[in-house]
Each structure stands twice: as structure tokens, then as C-alpha cells.
Amino acid sequence: MSDPTIQTFCCHHRNPADGAILLMGEFGTNSYLFVCMVSSFLGIMGAHYQIFIRGRQQNTLERRVTESGNSLSSSGQKVILWLAIADFCASLGVFVRSAMWRYFQPMMIRDDDASVIFCAVTSAWTQYFYTCTWLWTFSYAMSVRSYLRTEEFSMRRYHAAVWSIGAVLTSVGLTVLYYPNADCQNVKELWTALSRVLPNYCATYLPILIVMIGNPIIYMDANKLISKMYVMNFMRITSYERRVMTRFKWKFLFINIVFYICWLPNLIGGFILWTVWGSVPENVMIVIWYAMAATNPLQAFLNAFVYRRWAKSYAESVANNETRRETSPLLEKHRSWLRRPGEGPPEGPSLILNNPSSHRTNCSCF
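Residues numbered from 1 in each chain as written. Predicted model: local features only at pLDDT ≥ 70, side-chain atom pairs only at ≥ 80, totals over all residues. Heavy atoms only, no water.

**Student:** Would you explain the overall build of the chain in this entry?
**Tutor:** In terms of helices and strands, the chain carries 14 helices and zero strands. Going from N to C terminus, the chain has its helices and strands arranged as α-α-α-α-α-α-α-α-α-α-α-α-α-α. Per-residue burial for the chain yields a buried fraction of 51% across its 366 residues. Here the contacts in the chain between residues at least 6 apart in sequence split such that 79% fall between residues at least 24 apart. When the accessible surface of the chain is split by element, carbon and sulfur atoms take 65% of a total near 17000 Å². (Helix = DSSP H or I, 4+ residues; strand = E, 2+ residues; numbered from the N terminus. Buried < 20%, exposed > 50% of the residue type's maximum accessible area, 1.4 Å probe, protein only. Contact = heavy atoms within 4.5 Å. Areas by Shrake-Rupley, 256 points an atom, 1.4 Å probe, with all protein chains shown as cover.)

**Student:** Any chance you could explain the nonpolar core here in plain terms?
**Tutor:** In a soluble, globular protein the nonpolar side chains are often hidden away together inside. Among the nonpolar cores identified, the biggest contains 79 residues, and Y32, W136 and W289 are the most heavily contacted of them. Counting residues per element, this core draws most heavily on helix 5 (residues 113-148), at 16 residues. Dropping the residues within four chain positions of it, W289 is found in contact with M1, T5, L23, M24, F27 and Y32. (Core = buried A, V, L, I, M, F, W, Y, C linked by side-chain atoms within 4.5 Å.)

**Student:** How should I be thinking about the packing of helix 9 (residues 239-275) against helix 11 (residues 298-306) in this particular structure?
**Tutor:** Any two packed helices are characterised by how steeply their axes cross, that is the angle between the axes, and by the distance between the axes. As a packed pair, helix 9 and helix 11 sit with axes 10 Å apart at the nearest point and diverge in direction by 170°. In terms of their interaxial angle, helix 9 and helix 11 are classed as roughly antiparallel. Judged by residue contacts, K251, F254, I255, V258, F259, C262 and W263 of helix 9 engage L298, Q299, L302, N303 and V306 from helix 11. Of the residues belonging to the contact of helix 9 with helix 11, the class tally is nine nonpolar, two polar and one charged. (Axes fitted to C-alpha atoms, helices over the stretch in contact; angles between N-to-C directions. Parallel < 35°, antiparallel > 145°, perpendicular 65-115°, else oblique. Nonpolar A, V, L, I, M, F, W, Y, C, P; charged D, E, K, R; others polar.)

**Student:** How should the pattern of salt bridges be read in this particular structure?
**Tutor:** Pairing between side chains becomes possible if they bear opposite charge and their charged atoms approach one another. Enumeration according to the criterion identifies two salt bridges in this entry. The salt bridge involving R145 is made with D221; its shortest N-O contact spans 3.5 Å. You can see R145 sitting in helix 5 and its partner D221 sitting in helix 8 (residues 198-234), a full 76 residues away along the chain. A salt bridge links R149 to D221; the nearest nitrogen and oxygen atoms lie 3.1 Å apart. In this pair, R149 is assigned in the loop between helix 5 and helix 6 (155-178) and D221 in helix 8, connecting sequence segments 72 residues apart. For D221, a relative accessible area of 21% puts it in the partly exposed group. The network of salt bridges with common partners includes R145, R149 and D221. (Salt bridge = Lys/Arg side-chain N within 4 Å of Asp/Glu carboxyl O.)

**Student:** Can you help me understand the state of the cysteines in this one?
**Tutor:** Linking two cysteines covalently via their sulfur atoms produces the bond known as a disulfide. Using the criterion set out here, one finds one disulfide in the structure. What pairs with C10 in a disulfide is C119, and their sulfur atoms sit 1.8 Å apart. Because the sign of the S-S torsion sets the handedness, a value of about -60° for the bond joining C10 and C119 places this disulfide among the left-handed ones. With C10 in the loop between helix 1 (4-9) and helix 2 (19-24) and C119 in helix 5, this pair connects stretches of sequence that are 109 residues apart. With relative accessibility at 0%, the residue C119 sits in the buried group. (Disulfide = S-S within 2.5 Å.)

**Student:** So what exactly am I meant to see when it comes to the packing of aromatic side chains here?
**Tutor:** To describe a pair of aromatic rings, you give the distance between the ring centres and the angle between the ring planes. A full pass over the atoms with the stated rule returns 18 aromatic pairs. With a centroid separation of 6.0 Å and 75° between ring planes, the pair formed by W136 and W163 is classed as edge-to-face. Of the two residues, W136 is situated in helix 5 and W163 in helix 6; the sequence distance between them amounts to 27 residues. Ring plane angle 85° and centroid distance 5.1 Å describe the contact between Y140 and Y307, whose orientation is recorded as edge-to-face. With a gap of 167 residues between them, Y140 in helix 5 and Y307 in the loop between helix 11 and helix 12 (314-323) connect regions that are remote in the sequence. (Phe/Tyr/Trp six-rings, centres within 6.5 Å; stacked < 30°, edge-to-face > 60°.)

**Student:** In this structure, what is going on with the packing of helix 5 against helix 6? I would like to understand it.
**Tutor:** Contact geometry of helix 5 with helix 6 gives a least axis separation of 9 Å together with a crossing angle of 145°. When the axes of helix 5 and helix 6 are compared, the crossing they make is right-handed. Here the contact of helix 5 with helix 6 is composed, by residue class, of 17 nonpolar, eight polar and no charged. (Left-handed = near helix turned anticlockwise from the far one by under 90°.)

**Student:** Would you mind going over unusual backbone geometry with me for this structure?
**Tutor:** Excluding glycine, residues mostly carry a negative phi; peptide bonds, for their part, are mostly trans. Backbone geometry at T150 places phi at a positive 50°, although glycine is not the residue there. For T150, the position within the fold is in the loop between helix 5 and helix 6. In this structure T150 comes out as partly exposed when scored by relative accessible area, which is 25%.

**Student:** In this structure, what is going on with a nonpolar patch on the surface? I would like to understand it.
**Tutor:** Side chains of F34, V38, F41, L42 and M45 sit close together on the surface and give an oily, nonpolar patch of about 450 Å² of accessible area. Among the structural elements, F34 can be located in helix 3 (residues 30-67). For F34, a relative accessible area of 56% corresponds to the exposed category. (Patch = residues over 30% accessible without salt bridge, like charges linked within 9 Å, V, L, I, M, F, W, Y side chains within 5 Å.)

**Student:** Can you walk me through the environment of N266 in this structure?
**Tutor:** Here N266 shows up in helix 9. Classification of N266 as buried rests on a relative accessible area of 0%. For the pair N266 and D3, spaced 263 residues apart in sequence, the C-alpha to C-alpha distance is 6.7 Å. Contact partners of N266, with chain neighbours within four places excluded, come to S2, D3, Y205, M292 and N296.

**Student:** Is there a simple way to think about helix 10 (residues 282-295) in this case?
**Tutor:** Three or four residues apart is the spacing at which side chains of an α-helix point the same way, because the helix has 3.6 residues per turn. Spanning 14 residues, helix 10 covers 20 Å between terminal C-alpha atoms, matching the ideal 20 Å at 1.5 Å per step. Among the residues of helix 10, M285, I286, I288, W289, Y290, M292, A293 and T295 are the ones counted as buried. (Expected span 1.5 Å × (residues − 1).)

Functional significance is not addressed by these values, which are geometric in nature.
In C-alpha cells:
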């Protein structure tokens, strides 16, 4: 899993009899490591499918999009690809750490420098790439919104923001936690805990909260934009358009649900640790840790199901709108214009399709 608690577990265990250290010993049990290995293996397989199998399918689609002159329609797929790459690296980090702890006992946390360094490095690797997955998840929502608003989209800016912000958050949080002697378990005063341990929790939970709060808002705005585009282009919404919009809504909903399932246990665990730790039974925290171990690496596996092309592209819906039986006289009159987006009607002023940017709504990024 990726959580500040297990990163704190990486520190030297100066006092093995301490209650918190004894409880965190659950991280080294065979059952916990087995859950981590299984879930991370599924995550690796899900990310592999998105990168190498679905990626080849998208290459064909991207070539078609490039030939049509619409470069923005493949932007969402590029974001999904890099999200899968970050997920792959993060799941790999969880798998390697768990396998080493399970089958190579000297790497299990003891009071020696080698095991502490191994735990700290693998935790930093995992934390960095999971932070990038949160940022890529937010970037996908922003790319959808930018596309629908016909705003400029630059993958270079997204790359610069995601990888650099992820590096800053991870390095600051873990440097404050481990520097200078990885002795973060020996915290006796409240101020020491707030200044040394809390920053890492903030660096971890802040991007998760941003995605949990921001993405639903962005997707609701995207749904409104999609509805507005259909009204502007067809003057009315028929049963076919309603089905397409429903698919968009369900896709956005499931993307949010998957993210909540994978990362809500982390927020619950952090809230308990910093508020009602003394009054909560130890078994409750153990259950939450197992939930993290199962759901965190599964993000890549579940993303393979929700980040796919649920609905036909907008251009396909326009073409189908021409051929299906449920047609409008206005659409019938302007068939030739529908086939040539961006051009005016052959005769008379237009009452529909007056959006000059309608030719950019071939949104295969969904």
C-alpha cells in the first residue's frame, strides 16, 4: 500500500516494546504481505493491458484522428496512457517490497541500516508514482473539460506539472520524516510529531482530497457542456443523444467511484490516527490497513475497466443522427452542412449548428 503509516514503519525501531511498533508489526505478517502481492500483481496486469494492448488499439485511432486534423481528440488517451505507466511503476514497487519482505527476511524492518534504507527507498518509489497517478487522474478530468471548452491543451505542461509536483511532494514529506537519522519512531513531544510526521501526511492526503473534491465538480461541468453541445447542434435531444450522454455520465461516475474505493480507506486511517487513535480498538486499524493493501494497488486493475471508450464519438453520433429514423426536419434540411463541419448551409441563414467550434467535438478522448 501507499500510506504515511507504512513509511513511518520504515524508521529505526529503537524501542521494539512500544505499542505502536508492535501494532505496525502487522505489516510484516505473511497474510498482510500476501494481500499486497496479490493486489499489486493484479494492478501490474491491469496497467500492462492499458499500456501494451489497449495502447496499440489507440495508436490506430490516433492516426485516424491526426489525418482528420483534430489533434485534441487523442489528448485524453495520452493522459490515460501515462496514468497507466505511473500505476504500473507504483504497483511494481508494492510487489517488490512485499515479495522481499516475504521471501527474504533480512530485508524485513529491523534496527539495521540496510533494512531501513530498503524500506525507505521502495516506499519513496511507491509514494512518488502513486502521487503521480493522483495528479494524472486530476489531469484527465481537466483534459476533458479543456477539450469540451475548446481550450488549449498541452501535454508538455501536464508532464511538467505532474512529475515535478509529485517529486516535490514526495521529497519534502519523506525528507522531513527521515532526515537526519530515520528515527521518526522516537517521537515523544506533540510539536515534534507535528513538525516531523504530519508534513508527510499532508503531502500524501492533499492531492487525494483535491481529486476527490475537484473531479466530481469538473465532471458535472463536463456533463452540462455535452448536453449544451447536443442542443446547439441538433436543436433537440432525442433518445439516441440521451443514451450517449448517459454513457458519458456513467463513465465519469465510475471513474470517481473507483478512486474513492481505492483511496478512501487511507483518509479514514489518517483521520483516526490524528484524532481518536487512543479510543479506537486496534483491530479497527488492522482492518483499515488490510483494506489499503487490497484497494491501493487495485487502482490500475480497476482503471482498465473505467478508462475506456464507453460512448461513441460525437461525430459518430452526428452521422447516426442523419441516418436513423428519428430525425428532425431542420436536420434533414441541413444534411450537407452536417457532413462538412464548420461550413455554412447551402442556402439561407442557419438556425442550428451555429457553434463555430463544433468541428472540434469529435471527442474520442472519452
